[in-house]
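Fold and geometry: a report
Residue-level listing of the chains:
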Amino acid sequence: MNANINSASPSEPPGSASSQNLDPVNWEERYRAGDTPWDEGYAAPGLTEFLERHPILGEILVPGSGPGHDVRALAAQGKGVRVLGLDLSPTAVRLAESFPRAGGEAYEVGDLFHLPPSWSEGFDWVVEHTCFCAIPPEARADYVRAIERVLKPGGRYFAVFYLNPAAPKGPPHGVSREEIDHLFHARFRLLEEWRPVGAFEGREGRELCQVRQKVEKTVSP
Ligand SMILES: C[S@@+](CC[C@H](N)C(=O)[O-])C[C@H]1O[C@@H](n2cnc3c(N)ncnc32)[C@H](O)[C@@H]1O
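Let me sum up the structure you'll find in this document. This one's a predicted model, so the numbers in the text were calculated from it and none came from an experiment.

**Thoughts on helix H2 (residues 45-53)**
Side chains three or four residues apart in an α-helix point the same way, a direct result of the helix having 3.6 residues per turn. For H2, the full list of buried residues reads Pro45, Gly46, Leu47, Phe50 and Leu51. The inward-facing, buried residues of H2 abut helix H3 (69-75), strand E4 (123-129), strand E5 (151-162), strand E6 (188-194) and strand E7 (207-214).

Quick look at the structure:
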């Protein structure tokens, strides 16, 4: 993955939810102000638990990677891993880059909803943690399309979903298991699902982990 997403032209059709820039949160401002309560200082426990029993190898994209703790946990697996953390906020990317390197990781400033065509089918895995719950719920269908587009045929998606955050008004925005299935099932086959044992304080019992695989499109005869 050598694409420079900053020089790319938007790939979303005009009028789609993401192209209307629905997100009311100024993420860059939040990082500049140090107003980042989601930053617990280490990788998502649900991800760490999964990595203890199953490697995530190849080209990996982490959207909304923030300070990069999940990126570094993935990169620390060693050889055979190239992880790209993507975030809207340049300050978040600089913060992520300030940590000691864990392995084959890199970071880019960019918008998941405006990825360049050259990223299409570029990744073996997408690893999700608190990006899905950060975006406006109206943009979720676009999120699923963006993930599908960047994954190689048969590529896999690992997610720690935050189901019902304590704050009534997001972000983080809650989601039900039914809505996740409704959003993903046509494009991603569910391979595995479980409740993580560990969680950040306050998120206990509120998370759901899933592994999904991109569904191959069938060509009609
Ligand atoms: C709640 S924070 C979580 C950050 C990181 N995953 C963590 O757990 O520390 C959400 C992150 O998503 C990023 N983000 C929001 N919308 C995005 C988009 N459309 N494309 C890329 N990053 C985005 C924000 O800048 C922020 O860093």
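**Here we look at the sheet that holds strand E1 (residues 58-63)**
In any sheet, the strands associate via hydrogen bonds between backbone groups, in a parallel or an antiparallel arrangement. With mixed pairing, seven strands are arranged side by side in an open sheet as E3-E2-E1-E4-E5-E7-E6. Each edge of the open sheet is held by one strand with a lone partner, namely strand E3 (105-109) and E6. This sheet shows a mean twist of 20 degrees between the axes of neighbouring strands, independent of strand direction. Judged from the five bridges that link them, strand E2 (residues 81-87) and E3 form a sheet pairing that is parallel. Paired with Gly85 across the two strands is Tyr107, which belongs to E3. Helix-sheet contacts for H2 involve E4, E5, E6 and E7, and the interaxial angle to E5 is about 130 degrees. Packing of helix H4 (residues 90-97) onto the sheet brings it into contact with E2 and E3, and relative to E3 it is tilted by some 165 degrees.

**Remarks on the environment of Pro90**
Checked against the element boundaries, Pro90 lands in helix H4. On the accessibility criterion, Pro90 (29% relative accessible area) is partly exposed. Spatially, the C-alpha atoms of Pro90 and Arg32 are 9.5 Å apart, while their sequence positions differ by 58 residues. In this structure, Pro90 is in contact with Glu28 and Val109, ignoring residues within four places of it in sequence.

**Section: the state of the cysteines**
Scanning all chains against the criterion turns up zero disulfides. Cys131 forms no disulfide, and the closest cysteine sulfur to it belongs to Cys133, at a distance of 8.2 Å.

**Here's the deal with the site of the ligand**
Taken together, the neighbourhood of the ligand is formed by 16 residues, with Tyr31, Gly64, Asp87, Asp111 and Thr130 sitting nearest. The backbone of Leu88 places a nitrogen or oxygen atom 3.3 Å from a nitrogen atom of the ligand. In the environment of the ligand, a nitrogen atom lies 2.8 Å from a nitrogen or oxygen atom belonging to the side chain of Asp111. For the ligand, the protein covers 96% of the area, taking 590 Å² as the surface of the free molecule. Of the residues contributing to the shell around the ligand, the split by class is eight nonpolar, six polar and two charged.

About the thresholds
- Each chain has its residues counted from 1, following the order in which its sequence is written.
- This being a predicted model, a pLDDT of at least 70 is required before a residue's local features are given, and a value of 80 or more before pairs of side-chain atoms are given or counted; all residues contribute to the totals for chains, interfaces and linings.
- Each side-chain value is derived from all of the structure's non-hydrogen atoms; neither hydrogens nor water enter the calculation.
- The rule is simple: take the accessible area with a 1.4 Å probe, protein chains only, and divide by the maximum for that residue type; under 20% is buried, over 50% is exposed, in between is partly exposed.
- Counting from the N terminus, the helices are DSSP H or I runs at least four residues long and the strands are E runs at least two residues long.
- Any two residues whose heavy atoms approach within 4.5 Å are treated as being in contact.
- At least two bridges found by DSSP between two strands are what make those strands a pair.
- Lines fitted to the C-alpha atoms define the axes, with helices restricted to the stretch that makes contact. Angles between their N-to-C directions range from 0 to 180 degrees.
- When two cysteine sulfur atoms lie within 2.5 Å, the pair is treated as a disulfide.
- By convention in these notes, a residue is near a molecule or strand provided one of its non-hydrogen atoms lies within 4 Å of it.
- In the analysis that follows, any N or O atom pair within 3.5 Å is treated as a polar contact, provided that within protein one partner can donate a hydrogen and the other can accept it, and provided that, for residues neighboring in sequence, both atoms belong to side chains.
- For the area figures, the Shrake-Rupley method with a 1.4 Å probe applies, and any residue is considered shielded solely by the protein chains shown.
- Under the grouping applied here, Gly and all other residues not named as nonpolar or charged are polar, the nonpolar ones being Ala, Val, Leu, Ile, Met, Phe, Trp, Tyr, Cys and Pro and the charged ones Asp, Glu, Lys and Arg.

On their own, these measurements won't tell you what the molecule is for.
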